[in-house]
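Fold and contact review
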Amino acid sequence: MSTSILSTVFTNTLATTVSRLPLPAMWTAGSTQQRTLIMGVLLAVFSNVLFGVLYAYSSFLAPLSGTQVFIWRMLAMWAALIGYLLISGRLGLHIDKLKALGTFKQWAWLLLPTPIFLSQFWLFMWAPVNGQGIQTAMGYFLFPLMMVVFGCVLFGEKLSRLQWLAVGFAALGVGSEIVRTQSVSWATLWVCGTYPIYYILRRLQGIGAITGLLVDLSIFAPFALAYLFFIAPTSLHLVSSSGFFIAMLVGLGIMSVLAMKTNVDASQMLPVNVYGMMSYIEPALLFILAITVLGNPFESAMIYSYGLIWLGIVFLIAHGVRQLRRVHKQSQTTKIEQVIVK
């Protein structure tokens, strides 16, 4: 079953399930906009839960190392993505976009963010089983705050008081952790320092998420195969001779693409502020899984520095809520004015 069919089946099942919940009036009597909002929220939750499951996936694939799981995940994602695009009939659309790039300079500009993307996916699979799960999750907590900073520095966006408070408390939290440990985790810095660059470059290039993913995975696929054949042939033999590993890796590819597909769908259904606030579900799950399932150590002294960072996140969420209320209020005012004019 393709990821396109899975996504459609899940969306339809979700709508049916919601209609049977003890809140039928909200679903049946509400407007189309309200139903879209509810569906977007549910899809966002589902995609973030999938990302959380994927974070712990490496621990279920022992004795494969984190790097080997990363290699297999890239190949599984590439196969699942190609399958999805072929069945949905959209592969030609993305290829046509790439064919429009005629010069070496355009291709070099397109491929510039690819190493960042690959390093982030490697860290996502390597960190949980190598004692860096909490630090990587913290990087994802700091990522939206760093996007705010990058927007301010690179695009001249003005920060509200709540945003300044968010950035300030996050900076205090990071500073506190540096003082406590006399260092700061490279995993945290890599996530929050380079991931914004990837998104900003893709934004400047005008490349959609699926097209960018197709490029990144297709470029890396030959290197991944070379790694399995020449550097880790034991991993290739282990997987090819085990029905369990084959099934797990097929699931890894389908879940990866399904997680991204539902996440993109949620981003299109939800207002930007709501979608931004929902994005904190993922790092929260990663943090919990790192401590509980993966057994990464959490020291009591971390509470002070991490608490400051979480306080910054609270202010950022408060800013999103305020903006959302402002937009809603303006929308209501516009409707009233339109009724008066009529």
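Since we're looking at a predicted model, the values are computed, not measured.

**Focus: the side chain of Arg 73**
- You can see Arg 73 is positioned in helix H4 (residues 66–88).
- One buried charged residue, Arg 73, remains without a salt bridge, the closest side chain of opposite sign being Glu 282 at 7.9 Å.
- Within polar-contact distance, the side chain of Arg 73 engages the side chain of Ser 256 at 3.0 Å.
- Sequence-distant contacts of Arg 73, that is, excluding residues within four places in its chain, are made with Leu 54, Phe 121, Phe 124, Met 125, Leu 252 and Ser 256.

**With respect to the packing of aromatic side chains**
- Applying the stated criterion across every chain yields a total of 17 aromatic pairs.
- Centre to centre, the rings of Trp 122 and Trp 126 are 5.1 Å apart; their planes meet at 25°, and the pair counts as stacked. Of this pair, Trp 122 and Trp 126 both sit in helix H7 (residues 114–126), separated by 4 residues, roughly a single helical turn.
- Arranged with centres 5.6 Å apart and planes meeting at 45°, the rings of Phe 143 and Tyr 199 form a pair that is tilted. In this pair, Phe 143 sits in helix H8 (residues 133–155) while Tyr 199 sits in helix H10 (residues 186–205), placing the two residues 56 residues apart along the sequence.
- By relative accessible area, which is 17% here, Phe 143 ends up buried.
- An aromatic cluster is present here, built from Tyr 55, Phe 117, Phe 121, Phe 124, Tyr 140, Phe 143, Tyr 195, Tyr 198 and Tyr 199 joined pairwise through their rings.

**Structural notes on the packing of helix H11 (residues 209–231) against helix H12 (residues 233–240)**
- Look at H11 against H12: their axes get within 5 Å of each other, and the N-to-C directions meet at 100°. For the element pair H11 / H12, the angle class is roughly perpendicular. Every residue of H12 that contacts H11 at Leu 228, Phe 229, Phe 230 and Ile 231 is listed here: Pro 233, Ser 235 and Leu 236.
- For the contact of H11 with H12, the class distribution of residues is 6 nonpolar, 1 polar and no charged.

**A few points about the nonpolar core**
- Membership of the largest hydrophobic core comes to 76 residues, with the highest contact counts inside it found for Leu 54, Tyr 57, Leu 61, Ile 71, Met 74 and Leu 81.
- Ranked by the residues each element gives to this core, the list is headed by H4, at 12 residues.
- Excluding its chain neighbours within four sequence positions, the residues that come into contact with Ile 71 are Phe 220, Ala 224, Tyr 227 and Leu 228.
- In terms of nonpolar packing, the next biggest core, distinct from the first, is built from 6 residues, Met 39, Leu 43, Ala 44 and Leu 270 among them.

**Comments concerning unusual backbone geometry**
- Cis rather than trans, the peptide bond between Ala 62 and Pro 63 has omega equal to 15°.
- Inspection of the secondary structure puts Pro 63 in the loop between helix H3 (32–55) and H4.

**Description of the confidence of the model for the protein**
- Of the residues in the protein, 85% have a pLDDT of 70 or more, and the chain-wide mean is 80.
- Considering each helix and strand of the protein separately, the mean pLDDT is smallest for helix H2 (residues 24–29), with a value of 46, and largest for H7, with 91.
- Segment residues 23–29 is flagged for pLDDT under 50; beyond a separation of four residues in sequence, or across chains, it makes 11 contacts in the model.

Rules used in this analysis
- Residues numbered from 1 in each chain as written.
- Predicted model: local features only at pLDDT ≥ 70, side-chain atom pairs only at ≥ 80, totals over all residues.
- Heavy atoms only, no water.
- Helix = DSSP H or I, 4+ residues; strand = E, 2+ residues; numbered from the N terminus.
- Buried < 20%, exposed > 50% of the residue type's maximum accessible area, 1.4 Å probe, protein only.
- Lys, Arg positive; Asp, Glu negative; His and termini not counted.
- Salt bridge = Lys/Arg side-chain N within 4 Å of Asp/Glu carboxyl O.
- Polar contact = N/O pair within 3.5 Å; in protein donor to acceptor, adjacent residues only side chain to side chain.
- Contact = heavy atoms within 4.5 Å.
- Phe/Tyr/Trp six-rings, centres within 6.5 Å; stacked < 30°, edge-to-face > 60°.
- Axes fitted to C-alpha atoms, helices over the stretch in contact; angles between N-to-C directions.
- Parallel < 35°, antiparallel > 145°, perpendicular 65-115°, else oblique.
- Nonpolar A, V, L, I, M, F, W, Y, C, P; charged D, E, K, R; others polar.
- Core = buried A, V, L, I, M, F, W, Y, C linked by side-chain atoms within 4.5 Å.
- pLDDT = per-residue confidence, 0-100.

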